[in-house]
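So you can see what is in the structure, the chains are spelled out below.
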Amino acid sequence: MTHSQDTVIVIGAGIAGLVAALSFKGLRVDIYANAPMGQGTASNWSQGGVAAAIGPGDSAAIHIQDSLIAAADIADRTAVEFIVNKARDAIHFLEHQGVVFDHNADGQYALSREAAHSFPRVARVKGDLTGPGIMAALQQQIKQRPDIQLHSGWKILDLIMHDGRIIGAFLLDPNGHVHRKLATAVILATGGVGYLYKNTSNPKTAIGEGIAAAARAGALLSDLEFVQFHPTTMAVGLDPSPLATEALRGEGAVLINDQNERFMPSIHPLAELAPRDVVARAIFAQIKSGHNVFLDCRAAIGSGFAEKFPKVFALCQNIGLDPVVTPIPVEPAAHYHMGGVVTDLSGRTSIDGLWACGEVACTGAHGANRLASNSLLEAIVFGQAAATDIMNIRMTKSPYAPRETSVINYVPHDVAMQAKELALRAMMRDRVGVIRHADDLLWAQAELEKLRQQNLSHRLGNMVLVAGMIIHMALERKESRGSHYRTDYPNLDQAWCRRQSTTMQNLMEAA
Ligand SMILES: Cc1cc2nc3c(=O)[nH]c(=O)nc-3n(C[C@H](O)[C@H](O)[C@H](O)COP(=O)(O)OP(=O)(O)OC[C@H]3O[C@@H](n4cnc5c(N)ncnc54)[C@H](O)[C@@H]3O)c2cc1C
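Residues numbered from 1 in each chain as written. Predicted model: local features only at pLDDT ≥ 70, side-chain atom pairs only at ≥ 80, totals over all residues. Heavy atoms only, no water.

Enquirer: Could you give an account of helix 5 (residues 130-143), naming the residues involved and the relevant values?
Expert: Between the first and last C-alpha of helix 5 there are 20 Å, a value that for 14 residues agrees with the 20 Å anticipated at 1.5 Å per step. Listed in full, the buried residues belonging to helix 5 are Thr130, Gly131, Ile134, Met135, Ala137, Leu138, Gln139 and Ile142. Looking at the buried side of helix 5, the elements it contacts are helix 1 (15-22), strand 2 (28-33), strand 3 (50-51), helix 4 (87-96), strand 5 (122-123) and strand 6 (148-152). (Helix = DSSP H or I, 4+ residues; strand = E, 2+ residues; numbered from the N terminus. Expected span 1.5 Å × (residues − 1). Buried < 20%, exposed > 50% of the residue type's maximum accessible area, 1.4 Å probe, protein only. Contact = heavy atoms within 4.5 Å.)

Written out as structure tokens, the structure is:
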């Protein structure tokens, strides 16, 4: 057991954690991530890019409007304005770190158009290699900063609280030893929850362990019911499912079923570029009615595929598919979590000493549905905001005297636990997914209750906790809005034109 003080702890080494760490000056920063450097992050897999109203004719006002519309009326306008107004600075910050965005021959940014954006607005790196491009540059910067230590393979078990304040974290090292690390501030940057679902575009680390730790500490949580499903992940039997970026549809690729019929034009005026939830439900309905669905890039992209979309092209090649001549089989998959740990515009959570940024956080900027490519933007802006806030407040030494005892009852995540994990994920896909109904949600809740009675590994216990809270909020919201669609309440309800916030303790009392 070890401990350290006068340090900022960042949990997570995706874009949010790395940007936060790099934004500190004059403080020691320890980053802990439960995967090797460059792995286990959604950031590294992102394809589309960073939304920023920097193209001709575009403006922050239009970007704000598009974000609010996509969010189905319940985004926090202040948070939307905060990220959108800082988008140009965020791009410049990344460039300063060594990221090279694509430019046209005339020297202007080459911007992609994605669903529900009024303009081409998504800044990208080498076509669809945005995530790897950004992450490589940030990791390079981290290596050059002696004040920042990156500890790979370390997993957060829980936050340490003293007198109502977070003063550190219990961490499991790669050798299975528990450490008690003290800090003057802790930033959660643990990413999303997509891997709670059997079909997902997210890495295995994305099971909401940051939400679980914050929930146990009593943090306010919000909007957990809103899980965005990406309409077009490749239906090729891989877990996680490789993504076929939305920018393909932005370039004109169309969705067809196995009858060679386009079905989107009759469903939404924007057809393939309708909001994600609309496209995801349309594909889901086709699949439910026995059709296979394909993304047909032949006419719109054709022979330019490998150059314009090298990442997707390589993924297709891995499975022996040539997208220049063959449509890509696609299906929806859990992709992005709008909900999470509530923060203000400084990234502060409801508990002193704890900040959150990136997908684990709920800033309110995404409401019921995230506008595509607003999430990398949010992670950059709030990573910076959290670091700035921590540097601005008076840092005090933790008054806590560390005890050399462990509170962790560690159960290994063995083969039996892995089987239960898979069953839970399939249940989340089938009962708590693209289309929901009270009967399914209650069924899932009862199954989780049975699991809760068992002695579970830390990982599975966290999955049960977070899945249970998502289901609870999904049951509460008796309407359909944004990514949350219920066949028993298929319409918007004005009475529900608001966000839901609660604590784990309140949820347990209500149960
Ligand atoms: C395939 C794909 C494509 C995407 N494309 C885009 C796009 O083009 N534009 C866009 O804006 N958004 C995109 N998104 C969403 C965006 O990538 C994510 O929202 C964003 O990268 C999240 O960043 P993050 O730093 O919060 O989390 P992540 O990048 O997921 O990083 C999370 C970090 O936390 C660590 N971690 C998790 N749990 C623990 C634990 N218990 N203990 C210790 N460490 C832990 C992980 O190891 C990892 O280091 C995409 C997502 C996916 C999956």
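Enquirer: Describe the packing of helix 12 (residues 415-431) against helix 14 (residues 458-476), with residues and values.
Expert: As a packed pair, helix 12 and helix 14 sit with axes 10 Å apart at the nearest point and diverge in direction by 15°. When the axes of helix 12 and helix 14 are compared, the pair comes out roughly parallel. Of the two elements, helix 12 crosses helix 14, and the hand of that crossing is left-handed. Contacts between helix 12 and helix 14 involve Met417, Lys420, Glu421, Leu424, Arg425 and Met428 on the former and, on the latter, Arg459, Leu460, Met463, Val464, Ala467 and Ile471. (Axes fitted to C-alpha atoms, helices over the stretch in contact; angles between N-to-C directions. Parallel < 35°, antiparallel > 145°, perpendicular 65-115°, else oblique. Left-handed = near helix turned anticlockwise from the far one by under 90°.)

Enquirer: Could you give an account of the sheet that holds strand 16 (residues 340-342), with specific residues and numbers?
Expert: The sheet built from four strands is open, its strands ordered 18-16-11-19 with mixed pairing. The open sheet has two free edges, formed respectively by strand 18 (361-362) and strand 19 (501-502), since each of these has just one partner strand. Where strand 16 meets strand 18, two bridges bridge the pair, whose relative direction is parallel. Across the sheet, Val342 pairs through a bridge with Cys362, a residue of strand 18. Along the sheet face, helix 6 (residues 209-216) touches strand 11 (221-222) and strand 16 and points at about 45° away from the line of strand 16. (Pairing = 2+ DSSP bridges.)

Enquirer: Got a sec to walk through the environment of Met473? Specific residues and values, please.
Expert: With respect to the helices and strands, Met473 occurs in helix 14. Those residues in contact with Met473 that lie beyond four places of it in its chain are Leu221, Asp223, Leu224, Glu225, Gln500, Ser501 and Thr502.

Enquirer: I'd love a proper account of the side chain of Ser46, names of residues and values included.
Expert: With respect to the element layout, Ser46 can be found in the loop between strand 2 and strand 3. Looking at Ser46, its side chain comes within polar contact range of the main-chain oxygen of Ser43, at 2.9 Å. Non-local contacts of Ser46, meaning those with residues more than four positions away in its chain, are made with Asp128, Thr130, Gly131, Pro132 and Leu376. (Polar contact = N/O pair within 3.5 Å; in protein donor to acceptor, adjacent residues only side chain to side chain.)

Enquirer: Please give an account of the pairing of strand 12 (residues 227-234) that cites residues and values.
Expert: Of all eight residues in strand 12, eight are buried, a share of seventy percent or more. The pairing of strand 12 with strand 15 (residues 328-337) spans six bridges and is antiparallel. The residue of strand 15 that forms the bridge with Gln228 is Tyr336.

Enquirer: Give me the lowdown on helix 11 (residues 374-392), citing residues and values where you can.
Expert: An ideal rise of 1.5 Å per residue puts 27 Å on 19 residues; helix 11 measures up with 27 Å between its terminal C-alpha atoms. With respect to burial, helix 11 is a largely interior element, 15 of its 19 residues being buried.

Enquirer: If you had to explain the sheet that holds strand 13 (residues 254-257) to someone new, which residues and values would you point to?
Expert: Spatial strand order, 12-15-14-13: four strands in an open sheet with antiparallel pairing. At either end of the open sheet lies a strand with only one pairing partner, and these are strand 12 and strand 13. The average angle at which neighbouring strand axes cross in this sheet is 50°, direction not considered. Sheet analysis places strand 13 next to strand 14 (residues 293-296), joined by four bridges and oriented antiparallel. By the bridge assignment for strand 14, Val254 is matched with Asp296.

Enquirer: I'd like to hear about the site of the ligand, residue by residue, with values.
Expert: Neighbouring the ligand are 39 residues, the closest being Asn34, Ser43, Gly48, Glu359 and Ser375. At a separation of 2.9 Å, an oxygen atom of the ligand approaches a polar backbone atom of Ala13. Asn34 places a side-chain nitrogen or oxygen 2.7 Å from an oxygen atom of the ligand. Isolated, the ligand exposes 1000 Å² of accessible area, and the fraction of that covered by the protein chains is 98%. Sorting the residues of the shell around the ligand by element identifies helix 1, strand 2, strand 7 (155-162), strand 15 and helix 11 as the ones contributing at least two each. Element by element, the count of residues in the shell around the ligand is highest for helix 11, at three residues. (Near = heavy atom within 4 Å. Areas by Shrake-Rupley, 256 points an atom, 1.4 Å probe, with all protein chains shown as cover.)

Enquirer: Please provide a residue-by-residue account of the side chain of Gln47, values included.
Expert: Within the element layout of this structure, Gln47 appears in the loop between strand 2 and strand 3. Judged by relative accessible area, Gln47 falls into the buried class, the value being 4%. Separated by 3.1 Å, the side chain of Gln47 and the backbone nitrogen of Thr245 make a polar contact.

Enquirer: Go over the domain arrangement of the chain with me, naming the residues and quoting the values.
Expert: We note that the domain assignment places domain 1 (7-153 + 338-392), domain 2 (231-333) and domain 3 (415-491) within the chain. A C-alpha centroid distance of 27 Å is found between domain 2 and domain 3. Opposite the six residues of domain 2 that make contact, domain 3 presents six residues. Taken together, the two surfaces of domain 2 and domain 3 that pack against each other cover about 530 Å², and 66% of this comes from carbon and sulfur. Its largest share of buried area at the contact with domain 3, domain 2 owes to Asp239, Arg281 and Phe284, together 77% of the area lost on that side. Here domain 2 is connected to domain 3 by one salt bridge. Put simply, domain 2 and domain 3 have one residue pair in polar contact (both at pLDDT 80 or more) between them. Here the element with the most residues in the side of domain 2 that touches domain 3 is helix 8 (residues 276-288); it accounts for four residues. Across the side of domain 2 that touches domain 3, the residue classes tally to three nonpolar, no polar and three charged. (Domains from an automatic or database assignment. Buried area = accessible area lost by both parts, 1.4 Å probe. Salt bridge = Lys/Arg side-chain N within 4 Å of Asp/Glu carboxyl O. Nonpolar A, V, L, I, M, F, W, Y, C, P; charged D, E, K, R; others polar.)

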